[in-house]
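Descriptive analysis of the structure
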Amino acid sequence: QVQLVESGGGLVQPGGSLRLSCAASGIIFSRNAMGWYRQAPGKERELLARITTGGTTNYADSVKGRFTISRDNTKNTVYLQMNSLKPEDTAVYYCNARDSITYVTFWGQGTQVAVSS
């Protein structure tokens, strides 16, 4: 059974930081490209950051320079370090895994991030 379990969300003041984690099980983690998405109320889900099996990263313009994605294949976990948070970063954040061979995709259940003073 595949599980992607996000954690680390919460309420933070503008300018603050959070670190999200996504622990994966039931997949060959090292074979999966991992991504972080978010969805704000009334908006479409958007891709924020991706990291390939080889460690190459790319970011949406909206988070470039503020967010950092990383992975630890020994822990089957992907992280999203979020700095300089803004109120517009408020959303539910989702972890995504895509197998590089089968292209099967899995999603986590999401974790809420709220940025407010």
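This text goes with the structure placed above it.
A tally of regular secondary structure across the protein gives zero helices and 11 strands. Taking 117 residues into account, the globule formula puts the C-alpha radius of gyration at 13 Å, and the protein, at 13 Å, falls close to it. On the principal axes, the C-alpha backbone points of the protein span a range of 45 × 25 × 25 Å. A separation of at least 24 residues holds for 54% of the contacts in the protein among residues at least 6 apart in sequence. About 6,000 Å² of surface is accessible on the protein, with carbon and sulfur atoms providing 48% of the total. Charge-centre separation for the protein: the mean point of 12 positive side chains lies 4 Å from the mean point of 8 negative side chains.

In this structure the tally under the stated criterion is one disulfide. Two residues share a disulfide in this structure: C22 and C95, whose sulfurs sit 2.1 Å from each other. Judged by the sign of its S-S torsion, about -80°, the bond between C22 and C95 is left-handed. Residue C22 is found in strand 3 (residues 18-25), and its partner C95 is found in strand 9 (residues 91-99); the two are separated by 73 residues along the sequence. One exposure class covers both C22 and C95, and it is buried.

Conventions adopted
Residues numbered from 1 in each chain as written. Predicted model: local features only at pLDDT ≥ 70, side-chain atom pairs only at ≥ 80, totals over all residues. Heavy atoms only, no water. Helix = DSSP H or I, 4+ residues; strand = E, 2+ residues; numbered from the N terminus. Rg over C-alpha atoms; globule rule 2.2 N^0.38 Å. Contact = heavy atoms within 4.5 Å. Areas by Shrake-Rupley, 256 points an atom, 1.4 Å probe, with all protein chains shown as cover. Lys, Arg positive; Asp, Glu negative; His and termini not counted. Charge placed at Lys NZ, Arg CZ, Asp CG, Glu CD. Disulfide = S-S within 2.5 Å. Buried < 20%, exposed > 50% of the residue type's maximum accessible area, 1.4 Å probe, protein only.

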